Each structure stands twice: as structure tokens, then as C-alpha cells.
Amino acid sequence: MTIAADGTQTADGPVQGAPATLERGIDWTGAFWVASGVPPLVLFSIGSVAATVGKLSWIVWTASIAMGFIQSFTYAEIAGLFPNKSGGASVYGAIAWVRYSKLVAPVSVWCNWFAWSPVLAIGSGLAAGYILSGLFAPNSVVNTWQLTLLDLGAVKSGLTLRINAVFILGAAILLSVKTIQDGGILRAANTTKILGISALVPLLLIGITPIITGDLVQAHFFPLVPLGHAADGTVFDGTWDRQGWTVIAGGMFLAAWSTYGFETAVCYTGEFKDPKTDTFKAIFYSGLLCVVVYTLVPFAFQGFLGLGELVKPAVLDTHGNVVSPAEYNGMLAPDIYSGMGVARVMARMVHIGGSIGGAFVMVMLILAIVLSIMTSMSGSSRTLYQASLDGWLPKYLSKLNNHGAPSNAMLTNLGFNLLLLLMSDYVFVLAAANVGYLIFSFLNLNSGWIHRLDRPHQTRPWRAPTWIIAAGAVLSFVNIAFVGMGADVSGAGTLRSGLIFAALILPVFVYRHYFQDKGEFPAATAEDLEMSEGVKAPRRAGILPYVALVAGVTVMLVTHYLAA
């Protein structure tokens with residue numbers, strides 16, 4: 001197989017001794033089915049968003065998916081600039097930034113990876129929790145035993161590393177998914193197509209059935225005010241003051257991790273049969289699917305369940321300190337916040353045949369989560385693979401197996417997520433990862449106009465309207481405001497933990513670039529950078545990228561200071 005500079009494929013056989021390349025085995029529908037694992041991500045954080053913002057939850061979800069849809073058009077354009085690359089939007093965006101700073105570019109790739117990769121741990125943990133809760137009583141030995149390995153209270157209060165039944169079953173799920181992925185993108189796409197049909201049908205039923213049956217309660221939506229949070233854990237209808245806007249920012253921050261995720265559809269540009277047409281179609285139709293699911297499902301879930309009522313008041317010690325916070329039922333219940341009880345409620349929403357019907361819906365939702373894991377492993381592994389080829393990450397990550405799958409990258413993903421699976425608080429993992437995701441979003445949305453300035457004459461298979469590129473740049477600063485104001489709503493130290501993890505790429509890149517590669521980029525990356533005999537193309541954007549970076553940092557600091 002020969003791949004021309006424009007991304008087209010010729011039908012000749014493999015060249016003896018040629019380096020392994022990703023297999024061009026799918027069209028846009030294959031990427032669509034792989035990306036169909038994004039809608040089930042609503043199961044991961046629907047409870048945590050509700051517990052943060054209250055009755056405005058469905059509005060937050062709708063606004064978030066609207067932002068994600070607008071932003072996706074920038075990603076579709078820059079993906080078309082590099083039809084032979086895989087790895088997703090962060091890889092294409094990094095090429096814009098590297099002309100201006102070698103250290104900023106790998107941060108984009110790294111932040112995208114460590115935001116997507118935890119889907120494996122969180123998803124397998126949720127799926128394991130659903131299975132165990134369906135088979136065993138909540139207070140059974142199977143569901144309650146655990147072995148604590150390490151206390152991480154210094155990172156977040158109550159956080160530990162532990163081994164329990166969720167970890168063991170979740171690890172088995174991860175290993176099964178990796179076995180499927182080892183067979184290459186075509187087998188993975190075919191598998192996700194089967195899972196996608198099985199998983200998306202119940203999600204759509206969950207979004208539509210309560211509307212038809214009249215199970216939505218008007219009082220569950222009003223008044224339209226943010227949730228107020230007292231120090232002892234009790235909640236109340238808040239006001240549009242500084243605390244109110246802070247919790248809205250916290251909800252938008254959490255929702256973005258799920259709603260923006262369909263940009264993974266452009267991770268497979270290097271595996272499309274016709275990247276010129278497949279790239280835009282993949283992200284556009286994936287986005288439309290997400291608009292439907294992320295609008296209907298949170299609306300129906302909230303209308304059916306409501307926030308709930310106080311069932312257990314806070315316990316205070318003699319000094320007035322909180323020993324145990326207040327507990328609620330409904331969407332504010334602890335098992336809804338963690339995600340473990342979401343499937344049980346959704347099974348009731350569709351009114352299918354009692355316990356047997358409920359079990360059927362539960363199985364379908366477990367398949368939906370496995371679909372999300374498949375999507376994440378496919379996309380995040382290819383980000384590691386392409387980042388290795390481009391000179392950002394260690395060389396061993398660029399190894400492919402006989403099926404053209406990035407085997408070492410997937411193995412690295414697996415090891416990282418087995419560690420995350422040991423953690424006792426998956427919502428904290430999600431929130432810390434999302435700090436990186438919105439940093440990536442900021443850098444990548446700005447890369448759209450940087451590429452426009454630096455590559456004015458390069459062929460663009462699909463060119464976004466200029467106003468869309470400008471809107472993406474504006475939304476990049478909105479996202480950074482969500483990080484600054486809203487990250488620590490998920491727990492003190494969330495922003496700090498996310499920023500520390502984002503910075504871990506710097507010593508890794510320095511070792512790869514300056515020690516292994518002697519300060520030079522691989523030949524393919526040099527070509528992407530339009531280098532000629534070591535001389536870079538003119539930086540037509542001038543100081544504007546630096547202005548954007550300074551402005552982004554300023555927005556984060558100011559909004560963090562303003563947070564209640």
C-alpha cells in the first residue's frame with residue numbers, strides 16, 4: 001500500500017522491509033461507530049453535574065454540547081491539513097504551536113491523552129460496579145471487602161489506592177477490550193458497530209420514553225437557580241451570586257469532559273480510505289449524534305428523578321465540625337453522584353417488563369460503557385503512537401503489531417489505567433483529567449487561526465467559515481474560565497493536581513527531543529513544519545500566539561481568584 005502526499009491510497013502490495021504503517025481500512029462510518037462510544041459518557045458524570053448545579057443540570061448539558069459542536073468544526077479543518085496522520089486534533093494543533101514554542105506543543109498532545117485515557121479506568125470501574133450491584137446485595141461481602149494499599153489523603157481528602165471486587169472485575173474488562181483492539185482498527189470498528197447499536201438504542205429510549213409517558217415532573221426543573229451548598233453538606237435553591245456562578249462553572253467544567261469527546265472521530269485520519277471526505281463526515285455526524293443524546297438524556301433523567309430530599313442530616317462533632325455530610329436521595333444521592341446507581345434508575349425510566357426488563361436495560365448500559373472504553377482505547381492509543389512518531393513522546397510507543405495496531409501505546413494505556421482503577425474516587429480522576437482536557441481545547445482551538453495565518457495556501461479538504469474559527473478562539477477562553485473558576489468545585493486541589501500532571505510532559509519531551517533526537521525532529525515532522533534544510537517557514541502569526549497564551553493564563557488566574 002502506498003499513500004500519496006494528498007492522503008490517497010494506491011493498491012500496490014506492501015514493500016519488503018518498509019516500516020509498518022497504520023492500516024487504511026475504514027471510511028467515515030467506521031470512525032462514526034468507533035466514536036459512538038462518546039454518548040455513553042453521559043453515564044459517567046450525569047450525577048456529579050446534577051450534584052454541582054442542581055435544577056440547571058439539563059441546561060448545562062445542552063449548553064456544553066452546543067459549545068462542543070461549534071468547536072468541532074475547527075478540528076475538522078485542521079485534521080484535513082494532515083491526511084496521513086492519526087492521533088486526533090491535538091496532534092494537528094501541536095504542529096501549529098511548535099513554530100512558536102517547542103515546549104507548548106507537546107503539552108497539547110499530552111493533555112489530550114491524559115484526559116481521554118482515564119475513560120478506561122472510570123468506565124471499567126462503572127461497568128464492574130453495575131455488574132456487581134446486579135448480582136450481589138449492596139452490603140454483601142463481595143461488594144464491601146477491600147484491601148487499602150496507600151492513603152492519598154494529601155492529594156484529596158479520603159482518596160486511597162485499594163483492591164476490591166470492582167478493581168478485579170474492571171481489570172478483566174480492560175484486558176478483554178485490549179484483546180479486541182490488538183486486531184486492528186477494522187476489527188475494532190466492526191466490534192463497536194455491534195456494541196453501538198446495542199448501546200445507543202437504550203440511551204435513546206431513556207431520553208424519549210419519559211417524555212411520551214408523561215413521567216417528567218415540572219417541579220424537578222424549577223426554579224431556574226443554581227444549587228446552594230452549605231458547609232455541612234446540605235443544599236438549597238441558591239441565587240445568581242458569585243457562589244451561584246461558581247457552581248455553574250463547575251458544572252460546565254465537568255460536562256465538557258463528556259460532551260466535547262466526539263472530536264475523537266478525527267483520530268483515525270491516517271486510517272481512512274479517503275481522508276479528504278471521510279474526516280469531516282466522521283466528526284459532523286458523530287457530533288449530531290451527541291447533540292441528540294446529550295440534550296435528551298439529561299433532560300429526561302432530571303425530569304424523572306429530580307434532585308431528591310434530605311434523608312440523613314449532617315453529623316457534627318462537639319466543635320461543630322462536619323463528621324459526616326448530609327445525604328439525599330434522587331439525583332443528589334451518593335450512588336448517583338458516583339455513577340454507580342445511574343443504570344438502576346435508567347432501567348426504571350423505560351418501563352420494560354419488571355425485573356427482567358430492568359436487567360435487560362442494565363446489560364445494554366453495561367455494553368454502552370464497554371463501547372466508551374473501546375472508543376477511548378482506540379483514540380488515546382493513537383495519540384500516543386502519533387506523538388511518538390512526531391518526536392514528542394518516547395520512541396517505543398511507535399511500535400505497531402502485525403495488524404497495524406499501536407501495540408505498545410495500548411499496553412502503556414492499560415498499565416496507566418490499572419493504576420487509576422485502584423483509586424477510590426473516580427469523580428476526582430475525571431475532574432483532574434478534565435483540567436488537561438480543557439487546556440488541550442484552549443491550545444487546539446487557537447491553533448485553527450494560527451494554521452490559517454501560517455499556512456494560507458495549503459489545501460484544505462474542508463474549510464470552516466471564518467466566523468466559526470473566530471468563535472472557536474473565543475470559546476477557548478470560556479473553557480479556560482471554566483477551569484479557573486470551576487475545577488476546584490469538584491474538590492479542593494483538583495486544579496493543582498491537573499496542572500501538575502499537565503507539566504509532567506516537559507521532562508519527557510526534553511529527554512526525547514534534546515537527548516535522544518539531539519534537538520532535531522523526525523523527518524516527517526520536519527516536513528509538516530515546512531522545514532527546508534533546517535530553516536523553518538516564516539512565523540506569520542507574529543506575537544499573537546504568545547498574546548493568546550498570556551491572556552489564557554490571565555483568565556485562569558483571575559477566574560480562580562473570583563471563585564467563591
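What counts, and where the lines are drawn
- Residues numbered from 1 in each chain as written.
- Predicted model: local features only at pLDDT ≥ 70, side-chain atom pairs only at ≥ 80, totals over all residues.
- Heavy atoms only, no water.
- Helix = DSSP H or I, 4+ residues; strand = E, 2+ residues; numbered from the N terminus.
- Rg over C-alpha atoms; globule rule 2.2 N^0.38 Å.
- Buried < 20%, exposed > 50% of the residue type's maximum accessible area, 1.4 Å probe, protein only.
- Areas by Shrake-Rupley, 256 points an atom, 1.4 Å probe, with all protein chains shown as cover.
- Lys, Arg positive; Asp, Glu negative; His and termini not counted.
- Charge placed at Lys NZ, Arg CZ, Asp CG, Glu CD.
- Salt bridge = Lys/Arg side-chain N within 4 Å of Asp/Glu carboxyl O.
- Core = buried A, V, L, I, M, F, W, Y, C linked by side-chain atoms within 4.5 Å.
- Contact = heavy atoms within 4.5 Å.
- Polar contact = N/O pair within 3.5 Å; in protein donor to acceptor, adjacent residues only side chain to side chain.
- Axes fitted to C-alpha atoms, helices over the stretch in contact; angles between N-to-C directions.
- Parallel < 35°, antiparallel > 145°, perpendicular 65-115°, else oblique.
- Left-handed = near helix turned anticlockwise from the far one by under 90°.
- Nonpolar A, V, L, I, M, F, W, Y, C, P; charged D, E, K, R; others polar.
- Expected span 1.5 Å × (residues − 1).
- Phe/Tyr/Trp six-rings, centres within 6.5 Å; stacked < 30°, edge-to-face > 60°.

K.L.:
Teacher, can you tell me more about the overall build of the protein here?
P.N.:
Scanning the protein from N- to C-terminus turns up 21 helices and ten strands. Against the 2.2 N^0.38 benchmark of 24 Å for 564 residues, the protein shows a C-alpha radius of gyration of 23 Å, consistent with a compact globule. Relative to its 564 residues, the protein shows a buried fraction of 58%. Carbon and sulfur atoms make up 67% of the accessible area of the protein, which amounts to about 21400 Å² in all. Averaged over its 30 positive side-chain charges, the protein has a centre that lies 4 Å from the centre of its 29 negative ones.

K.L.:
Just checking my understanding: could you explain the pattern of salt bridges for this structure?
P.N.:
One pass over the structure, following the stated rule, counts seven salt bridges. For lysine 156, the salt bridge goes to aspartate 425, with nearest N and O atoms at 3.2 Å. Here lysine 156, found in the loop between strand E3 (146-151) and strand E4 (160-164), pairs with aspartate 425, found in the loop between helix H15 (407-421) and helix H16 (426-454); they are 269 residues apart in sequence, far enough to count as distant. Relative accessible area serves as the criterion here: at 18%, aspartate 425 is assigned to the buried category.

K.L.:
Looking at this model, I keep getting lost on the nonpolar core. Mind explaining?
P.N.:
One recurring pattern in soluble globular proteins: nonpolar side chains tend to sit buried together. Ranked by size, the top nonpolar core spans 172 residues in total, and within it Leu43, Phe44, Phe253, Phe301, Met346 and Trp392 carry the most contacts. Considering each element in turn, this core owes the most residues, 16 residues, to H16. In this structure, phenylalanine 44 is in contact with Val119, Ile122, Gly123, Leu126, Trp257, Ile369, Ser372 and Leu430, ignoring residues within four places of it in sequence.

K.L.:
Explain the side chain of arginine 162 to me, please; I cannot follow it from the model alone.
P.N.:
Within the element layout of this structure, arginine 162 appears in strand E4. Separated by 3.1 Å, the side chain of arginine 162 and the backbone oxygen of leucine 421 make a polar contact.

K.L.:
Honestly, unusual backbone geometry in this entry has me stumped. Any pointers?
P.N.:
Residues phenylalanine 222 and proline 223 are joined by a peptide bond in cis, for which omega reads 5°. Within the element layout of this structure, proline 223 appears in the loop between helix H9 (185-213) and strand E5 (227-229). With phi around 55°, lysine 518 is a residue other than glycine that occupies positive phi space. Note on placement: lysine 518 falls in the loop between helix H19 (505-516) and helix H20 (523-528). The exposed category is assigned to lysine 518, whose relative accessible area is 63%.

K.L.:
Would you take a moment to explain the packing of helix H3 (residues 57-80) against H16 for this structure?
P.N.:
A pair of packed helices is characterised by two quantities: the angle between their axes and the separation of those axes. Two elements in contact, H3 and H16, have axes separated by 10 Å at closest approach and are oriented at 55°. In terms of orientation, H3 and H16 fall into the oblique class. Both H3 and H16 take part in a crossing whose hand is left-handed. Contact with H3, carried on its side by Gln71, Thr74, Tyr75, Glu77 and Ile78, involves Phe440, Ser441, Asn444, Leu445, Ser447, Gly448, His451 and Arg452 of H16 and no other residues of that element. For the contact of H3 with H16, the class distribution of residues is four nonpolar, seven polar and two charged.

K.L.:
Got a minute to help me understand the packing of helix H6 (residues 119-135) against H15 in this structure?
P.N.:
Relative orientation of the contacting elements H6 and H15 amounts to 50°, with a least axis distance of 8 Å. On the basis of their axis angle, the class for H6 and H15 is oblique. Crossing handedness for the pair H6 and H15: right-handed. Between H6, through Leu120, Ala121, Ser124 and Gly125, and H15, the contact on the second element is made entirely by Asn413, Asn417, Leu420 and Leu421.

K.L.:
Looking at this structure, how should I read helix H8 (residues 165-181)?
P.N.:
What sets the pattern is the α-helix's 3.6 residues per turn: residues three or four places apart point alike. An ideal rise of 1.5 Å per residue puts 24 Å on 17 residues; H8 measures up with 25 Å between its terminal C-alpha atoms. Among the residues of H8, Ala165, Val166, Phe167, Gly170, Ala171, Ile173, Leu174, Val177, Lys178 and Gln181 are the ones counted as buried.

K.L.:
Looking at this structure, I do not really get the packing of aromatic side chains. What am I missing?
P.N.:
Any pair of aromatic rings gets described here by the distance separating the centres and the angle formed by the planes. Going through the model one piece at a time under the given rule, you end up with 32 aromatic pairs. Where tryptophan 110 meets phenylalanine 114, the ring centres are 6.5 Å apart and the plane angle is 55°; that geometry is what we call tilted. Residue tryptophan 110 and its partner phenylalanine 114 are both found in helix H5 (residues 104-116); the two are separated by four residues, about one turn of the helix. You can call phenylalanine 114 buried: its relative accessible area is 3%. Joined through ring pairs, the aromatic side chains of Trp28, Phe32, Phe69, Phe73, Phe280, Phe284, Tyr285 and Trp462 make up one cluster.

K.L.:
I tried to follow the environment of threonine 62 on my own but got confused; where do I start?
P.N.:
Here threonine 62 shows up in helix H3. Separated by 233 residues in the primary sequence, threonine 62 and threonine 295 have C-alpha atoms spaced 5.2 Å apart. Those residues in contact with threonine 62 that lie beyond four places of it in its chain are Tyr294 and Thr295.

K.L.:
Teacher, can you tell me more about helix H10 (residues 242-259) here?
P.N.:
With 18 residues, H10 extends 25 Å between its outermost C-alpha atoms, agreeing within 8% with the 26 Å of an ideal straight helix rising 1.5 Å per residue. With 15 of 18 residues buried, H10 is to be regarded as a mostly interior element. Two or three places before glutamine 243, at the start of H10, stands the capping residue aspartate 241, its side-chain oxygen 3.3 Å from that residue's backbone nitrogen.

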